[in-house]
Each structure stands twice: as structure tokens, then as C-alpha cells.
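Fold and geometry: a report
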Amino acid sequence: MAKTIQTDALVIGAGAAGLMAAIQLGRQGVTTQLIDHANKPGKKILMSGGGRCNFTNYYVEPTRYLSNNEHFCKSALSRYTQWDFIAMVDQHGIAYHEKTLGQLFCDGKSKAILEMLLTELDDVGVPLQLETDVLSVEKDEQHYSVRTSRGTYKTTHLVIATGGLSIPTMGATGIGYQLAEQFGHRLLERRAGLVPFIFTDHHKAVFSKLSGTSLRVSVSCNQQSFDEDMLFTHRGLSGPSMLQISSYWREGDFIEIDLLPSIDATQWLLEQKRTAPKSGFVKVLSQHWPKSVAEALAQLFELTGMLGETADRHLVSLGEKLNAWRIKPSGTEGYRTAEVTLGGVDTDELSSKTMESKYQPNLYFIGEVVDVTGHLGGFNFQWAWASGYVAAQAISDTLGNTPD
Ligand SMILES: Cc1cc2nc3c(=O)[nH]c(=O)nc-3n(C[C@H](O)[C@H](O)[C@H](O)COP(=O)(O)OP(=O)(O)OC[C@H]3O[C@@H](n4cnc5c(N)ncnc54)[C@H](O)[C@@H]3O)c2cc1C
């Protein structure tokens with residue numbers, strides 16, 4: 001016979017948000033169970049930040065998040081800040097450094113962050129049950145009954161922390177969205193974010209030749225700009241600047257790349273024509289880029305001959321392209337490699353203070369399943385920590401618990 005376990009809080013999903021919520025619930029003395037269908041917890045934490053986990057950012061601001069309601073994330077982010085998480089990391093003696101732009105990475109492996117969270121979970125005595133498939137969720141007057149492959153959990157408070165759709169091979173499923181719909185919630189359009197672009201036109205062959213080369217650029221699309229590195233890949237363009245802008249890009253949009261962000265390229269080319277009229281384009285472009293890039297740009301922009309024999313209007317047009325090169329990606333690599341899922345559970349139907357459903361008492365949505373998506377740089381984990389923390393706090397307050 002399948003067993004039935006009674007608990008005050010059940011957290012589905014042992015990723016970043018679910019682990020934080022379970023730890024905080026345990027700290028507050030709430031009887032809690034954490035379950036996950038995967039064979040290991042926190043798989044995305046392990047693979048994050050290139051294996052060094054960019055666990056937060058010194059400069060967490062609401063403006064670093066995309067959401068249909070730009071104000072929604074403010075409350076949680078102000079109640080559990082980057083400094084709170086850094087304090088936990090310090091307490092566990094984990095060494096870290098600021099890589100760039102306030103991004104904090106472990107000096108060692110991401111495993112240190114997961115081990116820290118599992119130690120905390122263990123300390124507060126919250127059991128974690130892995131390889132547990134959720135079969136159905138029902139609600140009666142008092143309880144949520146969550147039927148799983150390992151028995152039924154009867155809980156007064158249910159926390160959905162099942163993440164988004166990115167990287168299905170790491171255990172991502174759409175169950176959080178299905179449960180939201182089951183309980184009457186609206187879902188906002190979901191799409192892959194922080195994801196490389198692919199090109200199928202003539203750009204592809206050129207980019208592929210430069211695969212592995214990185215340039216500092218400024219990229220813009222839909223009123224957003226990012227000044228970060230761009231990486232050529234076999235399929236198109238990646239690197240921080242492209243991942244960032246991909247979250248703002250829509251199918252069919254152009255992106256605009258300033259290949260010389262701090263230079264007026266037209267003035268520079270006209271000056272080169274005056275001072276070195278016998279130079280060819282590859283030689284001149286090589287002042288700013290490796291020869292392979294200069295050759296590729298000369299090929300893409302069909303540049304031949306010497307500067308001295310090129311009409312000024314052609315140089316003006318080339319300068320404009322170097323400062324504002326408009327190209328149209330044919331798509332993105334999609335959920336297969338995306339770091340995040342944009343969209344999700346509509347924030348208008350959740351409390352921003354507690355993450356509780358406005359329709360179903362004692363039902364909470366936290367982390368990536370919610371329509372709050374951070375920029376690259378540790379912002380997504382900070383959202384997971386903060387939303388998990390405030391939901392746990394709210395459940396504890398409802399139950400009138402006192403910390404252990
Ligand atoms: C390659 C990569 C690198 C990243 N690097 C960074 C980084 O350095 N910094 C940063 O801030 N963000 C990074 N992110 C984003 C970050 O990992 C996510 O935003 C964050 O993990 C979201 O936390 P979450 O708890 O909401 O979801 P997740 O961490 O995805 O956790 C969801 C959990 O739910 C479980 N689950 C799913 N379906 C079910 C089901 N049906 N039944 C039971 N359990 C289920 C999953 O197994 C998983 O354990 C990265 C993402 C990727 C893919």
C-alpha cells in the first residue's frame with residue numbers, strides 16, 4: 001500500500017529556489033518535505049557559471065529583471081538581498097571573487113554552493129526525497145494531496161519550485177506551468193532567454209570560420225543595449241552581450257552591433273584615407289581586430305582596393321556599419337542551451353510579498369517558474385534565493401511558528 005505523509009509544507013523542486021525555501025522553512029520550525037523527480041538535487045547549480053556558479057551580483061537592481069510587471073520583484077529582492085546570501089557563503093568559508101560587473105563566482109567549483117545548501121538543509125532536518133514523480137495534485141478544504149511515485153503527501157502549504165523549460169536533459173519539465181493552470185493561473189508566453197543566436201544565411205559560414213574568437217562590442221535591440229563580449233560560434237553568435245540581448249529579441253528582429261563602441265568609425269576611416277591612402281582594408285581593420293576578423297569583415301562588407309581610391313561616401317557608409325551593423329538572426333539555439341525561460345506564471349496573480357497565489361490559499365510559486373527573469377550575471381540565482389526565502393517566511397508567519 002502506498003504510504004501517506006502529513007506535512008505542513010511540501011516543496012516540489014530541489015533546485016535553487018526550492019532548496020532555499022526548504023532551508024528557511026526548516027529554520028522557522030515548519031514541518032517540511034522537499035521532493036524532486038531527478039536523481040540529484042540542484043543540477044543547474046552544478047553546471048552554472050561555467051562550473052563556478054555565479055551565485056549573486058553586488059549590484060542587484062529591479063532593472064536587471066524582465067517581467068510583465070517590472071515592480072513585482074522589488075519586494076522579495078529587498079527582503080532577501082545579495083548581502084544575505086553572501087553572508088551565508090562567508091559563514092561556510094567558501095572563497096569567491098568578483099569576475100566583472102559585480103558578478104560573484106566561486107574560486108573553486110559550483111559544488112561548494114550546492115554542498116552549502118545541502119548542509120543547511122540537513123542542519124534544519126528537512127528531508128529530501130529524490131526520484132519522486134508527481135502524478136497528481138488535488139485540493140480539499142484543508143489540504144493539498146500530492147500523489148507521487150513514492151506515496152501521497154498531504155500538506156497544508158504547497159510550494160512550486162520546479163523551474164523553467166531550459167535544458168530538458170537536466171530535468172526541466174513543464175509541471176510548474178501545468179499546476180499553475182490547474183489552479184486557474186494565467187501563463188505568459190514562454191521563450192528561451194540568455195541563449196546563443198544562430199544564423200542560416202551567408203553570415204553563418206563567416207562566423208563559423210571565426211569560431212572561438214571574442215570581441216568587445218555594444219549590441220542593441222528593442223531599446224536595450226549591452227556592452228560586453230561577443231563570441232563567434234560554429235552556428236552564429238554567443239558570449240555575454242549576445243546572451244543578454246537574446247532575452248529582448250523576438251523572432252524577425254534585427255540586432256544592431258557596434259563593433260567599435262568607443263570610436264567614431266567614420267572619422268577614423270576618413271583619417272586613415274588621408275594618412276595612409278595606400279593601405280588596403282584588411283590592413284586598416286587589423287588596427288582594431290585580429291587579422292582573421294579583419295578579413296572576415298572585409299569579405300562580409302565586400303571591401304576591395306585601397307582606402308585612397310575609395311570614395312568618401314563609401315567610407316561613411318562602412319563607418320556607419322562598423323558602429324551600427326544590423327543583422328537578423330534566423331533564430332536561437334532554443335531551450336536546448338538557454339540559461340533561462342522567459343515568461344511563465346503571471347505575476348499579477350501572485351502576491352509580490354509572499355509569492356502566494358491570489359486564487360488558491362497556501363499555494364506558492366517561486367524561482368524561474370514565475371514571470372521574472374534576470375540578466376546574465378548572478379541575477380537569476382538571486383531571484384531564486386529571494387523568492388524562496390519570502391515564501392518560506394510567509395508560510396511560517398501563517399502557521400505562527402517560532403524559529404528553532
Ligand atoms: C547552463 C546554465 C548556467 C547558468 N548559470 C547561472 C549563473 O551562473 N548564475 C545565475 O544566476 N543563474 C544561472 N543560470 C540560471 C539558473 O540556473 C536558474 O535561473 C535557477 O536555477 C532557477 O532556479 P529554480 O529553483 O527556479 O529552478 P531549477 O534550479 O531549474 O530547479 C527546478 C527543480 O525542479 C525539479 N523538477 C522539475 N520538474 C519536476 C517534476 N515534474 N517533479 C519534481 N521535480 C521537478 C528539477 O529537477 C530541479 O531540481 C544558469 C542556467 C543554466 C541552464
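Not measured: the values here are computed from a predicted model.

1. Brief notes about the overall build of the chain
From N to C terminus, the chain includes 13 helices and 21 strands. Along the longest, intermediate and shortest principal axes, the C-alpha atoms of the chain span 85 × 40 × 35 Å. Burial statistics for the chain: of 404 residues in total, 55% are counted as buried. Sequence separation of at least 24 residues holds for 73% of the intrachain contacts in the chain that already meet a minimum separation of 6.

2. Focus on the site of the ligand
Around the ligand, a shell composed of 30 residues is seen, among which Ala17, Asp36, Thr173, Glu368 and Phe381 lie nearest. Histidine 37 is positioned such that a nitrogen or oxygen atom in its backbone is 3.2 Å from a nitrogen atom of the ligand. A distance of 2.7 Å separates a nitrogen atom of the ligand from a polar atom in the side chain of threonine 173. With the chains in place, 93% of the 1,000 Å² that the ligand exposes on its own is no longer accessible.

3. A short note on the sheet that holds strand S16 (residues 255–258)
Taken in spatial order, the 7 strands make up an open sheet running S17-S16-S13-S14-S15-S12-S18, and their pairing is antiparallel. Every other strand in the sheet has two partners, leaving strand S17 (325–327) and strand S18 (331–332) as the edge strands with one partner each. Summarising the sheet, strand S13 (residues 214–221) and S16 pair through 3 bridges and their orientation is antiparallel. Bridged to valine 219 within S16 is isoleucine 257. Of the strands in this sheet, S16 and S17 are in contact with helix H12 (residues 312–323), which crosses S16 at around 105 degrees.

4. Regarding the pattern of salt bridges
Applying the stated rule across the entire model yields 11 salt bridges. Note that lysine 291 and glutamate 295 form a salt bridge whose closest N and O atoms lie 3.4 Å from each other. Taken together, the residues lysine 291 and glutamate 295, both in helix H11 (residues 291–300) and 4 residues apart, mark about one turn of the helix. Using a relative accessible area of 53% as the deciding quantity, one classes lysine 291 as exposed. Exposure remark for glutamate 295: the relative accessible area of 38% places this residue in the partly exposed category. Here arginine 336 ties to glutamate 333 by a salt bridge, and the two come within 3.7 Å at their closest N and O atoms. Take glutamate 333: its relative accessible area is 16%, and that puts it in the buried class.

5. Things to note about the pairing of strand S8 (residues 134–139)
Two elements, S8 and strand S9 (residues 144–148), share 5 bridges in a ladder whose sense is antiparallel. Bridge assignment links lysine 139 to a residue of S9, and that residue is tyrosine 144. Between the antiparallel neighbours S8 and S9 lie 4 residues.

Rules used throughout
- Residues numbered from 1 in each chain as written.
- Predicted model: local features only at pLDDT ≥ 70, side-chain atom pairs only at ≥ 80, totals over all residues.
- Heavy atoms only, no water.
- Helix = DSSP H or I, 4+ residues; strand = E, 2+ residues; numbered from the N terminus.
- Buried < 20%, exposed > 50% of the residue type's maximum accessible area, 1.4 Å probe, protein only.
- Contact = heavy atoms within 4.5 Å.
- Near = heavy atom within 4 Å.
- Polar contact = N/O pair within 3.5 Å; in protein donor to acceptor, adjacent residues only side chain to side chain.
- Areas by Shrake-Rupley, 256 points an atom, 1.4 Å probe, with all protein chains shown as cover.
- Pairing = 2+ DSSP bridges.
- Axes fitted to C-alpha atoms, helices over the stretch in contact; angles between N-to-C directions.
- Salt bridge = Lys/Arg side-chain N within 4 Å of Asp/Glu carboxyl O.

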